[in-house]
Amino acid sequence: MLDLYTHEIPCPDDRAMRKFLWYSVFHDARILNLEYNHDRRGYVALRISGGGYDVRRGEYLLRFHGVQHILYDAGTCGDDRIYATRFLDSARLHREQAESVKPLYHLRIETWCGYIDLIFERFSIRLVGGRVDYRPLDIDDGILAANRDRRFRTCIAELAERLASPRPYDDMDAARYTALGLRDEDLDEYHAFSLYVTAQEKAPEEIAAHARQVLSMRLARPGAPAYAAHLLGFHGTAEDLPRLTELYLALCPWRAISRRIVLDAMERIHERAKEATP
């Protein structure tokens, strides 16, 4: 899974959300149970087992209060471990916020196979058989962003060199390589990371043009096309909806998170089109 997506909102002013959700400290934690009680003002309890960077391992109960929307797609691969947690600024969040007097948050809990989407008012956490440590993590967001950018640019340079001078490949791996001597995964990373750099440096029109170019390619892996769709959600127009629909229909059902990203993009474009209508 390409780690291209970042939070779409500033970090919430909440110590529990910053420590336990903003930095995806429960990466690889296993989901044990999900309880949704609509009668208790949309109470959702997610029981997980695991821990991460500077976080005590154990069984945690993640509680989401005032849940206005929940969507759970477990996927088909059977892997219920958490991959990442990301805050979104989605069209669905905007619709729910318009009906609520309290601030809402849209959290996506990506698993290795699917995702859980939650739009909620408040978050709390409990460590079964212990006390939760709320002391902030020793992490600098600026350093994280710089390391991320450097890693992507280094990967682009290395893959560009291979594109210019393709290396021979082993017969055993020949079926997985293109005529250029690159695996499908390599080409997917090259185009996805190039899109990421374009999104950091270029104007919206150039970002959209690059995204459309990637969608016109016949790439075997879904990472770059899904990220192109994501960018078109912010910078595209209604004219992009047919190509996004085509991408959505072409993605296998077990590509749950990629399909959701494409739907997010289409919803964002519809939202902008609706706002522009007199």
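Throughout this document, residue positions are counted from 1 along each chain, in the order its sequence is written. Predicted model: local features are reported for residues with pLDDT of at least 70 only, side-chain atom pairs are reported and counted for 80 or more only, and whole-chain, interface and lining totals are derived from all residues. Side-chain metrics rest on all non-hydrogen atoms present in the structure, leaving aside hydrogens and water.

Notes on the sheet that holds strand β7 (residues 115-120)
Thinking step 1. A sheet is described by the order of its strands in space; here 4 strands give the open sequence β4-β7-β6-β5, paired in antiparallel fashion. Across the chains shown, the open sheet's two edge strands, defined by having one partner strand only, are β4 (69-73) and β5 (82-88). Across the sheet, the mean angle separating the axes of adjacent strands is 10° when strand polarity is ignored.
Thinking step 2. In this structure, β4 lies alongside β7, joined through 5 bridges in antiparallel fashion. When the sheet's bridge partners are listed, L71 is paired in β7 with D117. When DSSP finds two or more bridges between a pair of strands, those strands are recorded as paired. A helix here means a DSSP run of H or I that spans at least four residues, while a strand means a run of E at least two residues long, and both kinds are numbered starting from the N terminus. The axes are straight lines fitted to the C-alpha atoms, using for helices just the contacting stretch, and the angles between their N-to-C directions are given from 0 to 180°.

Let's talk about the pairing of β7
Thinking step 1. Of all 6 residues making up β7, 6 are buried, and the element is well covered by its neighbours.
Thinking step 2. In this scheme, a residue with accessible area under 20% of its type's maximum is buried, one over 50% is exposed, and one in between is partly exposed, where area comes from a 1.4 Å probe on protein chains only. Neither face of β7 is left uncovered, since the one carrying Y115, D117 and I119 and the one carrying I116, L118 and F120 both have all their residues buried.
Thinking step 3. When strand β6 (residues 105-111) meets β7, the two strands line up antiparallel, connected through 6 bridges. Bridge pairing links R108 to D117 in β7.
Thinking step 4. Hairpin connection of β6 to β7: 3 residues between the antiparallel strands.

Structural notes on the pairing of strand β2 (residues 43-50)
Thinking step 1. Extensive coverage of β2 is indicated by the burial of 6 of its 8 residues.
Thinking step 2. Where strand β1 (residues 30-37) meets β2, 7 bridges bridge the pair, whose relative direction is antiparallel. Following the sheet pairing, N37 is matched in β2 by Y43.

With respect to helix α4 (residues 184-201)
Thinking step 1. An expected span of 1.5 Å times one less than the residue number is assigned to each helix. Spanning 18 residues, α4 covers 26 Å between terminal C-alpha atoms, matching the ideal 26 Å at 1.5 Å per step.
Thinking step 2. For α4, the full list of buried residues reads D186, L187, D188, Y190, H191, A192, F193, S194, L195, Y196, V197 and T198.
Thinking step 3. Only heavy atoms enter the contact rule, under which two residues are in contact if any of them lie within 4.5 Å. Packing partners of the buried residues in α4 comprise α3 (141-164), α5 (204-215) and α6 (223-235).

Regarding the sheet that holds strand β8 (residues 122-127)
Thinking step 1. Taken together, the 4 strands give an open sheet; going across it, the order is β1-β2-β3-β8, and neighbouring strands pair in antiparallel fashion. At either margin of the open sheet sits one strand with a lone partner, and together these are β1 and β8. Across this sheet, the average inter-strand angle for adjacent strands is 15°, counted without regard to direction.

Side note on the nonpolar core
Thinking step 1. Note on terminology: a nonpolar core comprises buried Ala, Val, Leu, Ile, Met, Phe, Trp, Tyr and Cys residues joined through side-chain atoms within 4.5 Å. In this structure, L4, F193, L195, Y227, L244 and V262 are the most contacted members of the largest nonpolar core, which totals 39 residues.
Thinking step 2. Those elements that place two or more of their residues in this core are α3, α4, α5, α6, α7 (241-250) and α8 (256-276).
Thinking step 3. Look past the residues within four positions of L244 in its chain and what remains in contact with it is L215, A229, L232, V262, A265, M266 and I269.
Thinking step 4. If you look at the next biggest cluster of nonpolar residues, it comprises 32 residues, including I31, I48, L118 and F120.

Examining empty space enclosed by the protein
Thinking step 1. Here a cavity denotes grid points, spaced 1 Å and computed from the protein atoms alone, that fit a 1.4 Å probe unable to get out, and a pocket denotes an open set having protein on both sides within 12 Å along at least 5 of 7 lines; residues with an atom within 4 Å of a point are the lining. Grid points are joined across faces, edges and corners, and a volume is the space filled by probe spheres set on the points. Under the counting rule described, the total for this entry stands at 1 cavity of 30 Å³ or more.
Thinking step 2. The calculated volume of the largest cavity comes to roughly 110 Å³.
Thinking step 3. Elements with a contribution of two residues or more to the lining of the largest cavity: β5, β6 and α8.
Thinking step 4. Residue contributions to the lining of the largest cavity peak at 4 residues, all from α8.
Thinking step 5. Counted by class, the lining of the largest cavity contains 4 nonpolar, 2 polar and 6 charged residues. Polarity classes work like this: nonpolar for Ala, Val, Leu, Ile, Met, Phe, Trp, Tyr, Cys and Pro, charged for Asp, Glu, Lys and Arg, and polar for all others, with Gly in that last group.

Focus: the environment of L182
Thinking step 1. When you line up the elements, L182 lands in the loop between α3 and α4.
Thinking step 2. Taking the C-alpha atoms as reference points, L182 and R126, separated by 56 residues in sequence, lie 47 Å from one another.

Re the confidence of the model for the chain
Thinking step 1. By definition, pLDDT measures how confident the predictor is in each residue, and it falls between 0 and 100. On average, residues of the chain score 90 in pLDDT, and 92% of them are at 70 or above.
Thinking step 2. Throughout residues 168-177 the model reports pLDDT below 50, and contacts reaching past four residues in sequence, or to other chains, amount to 11 contacts.

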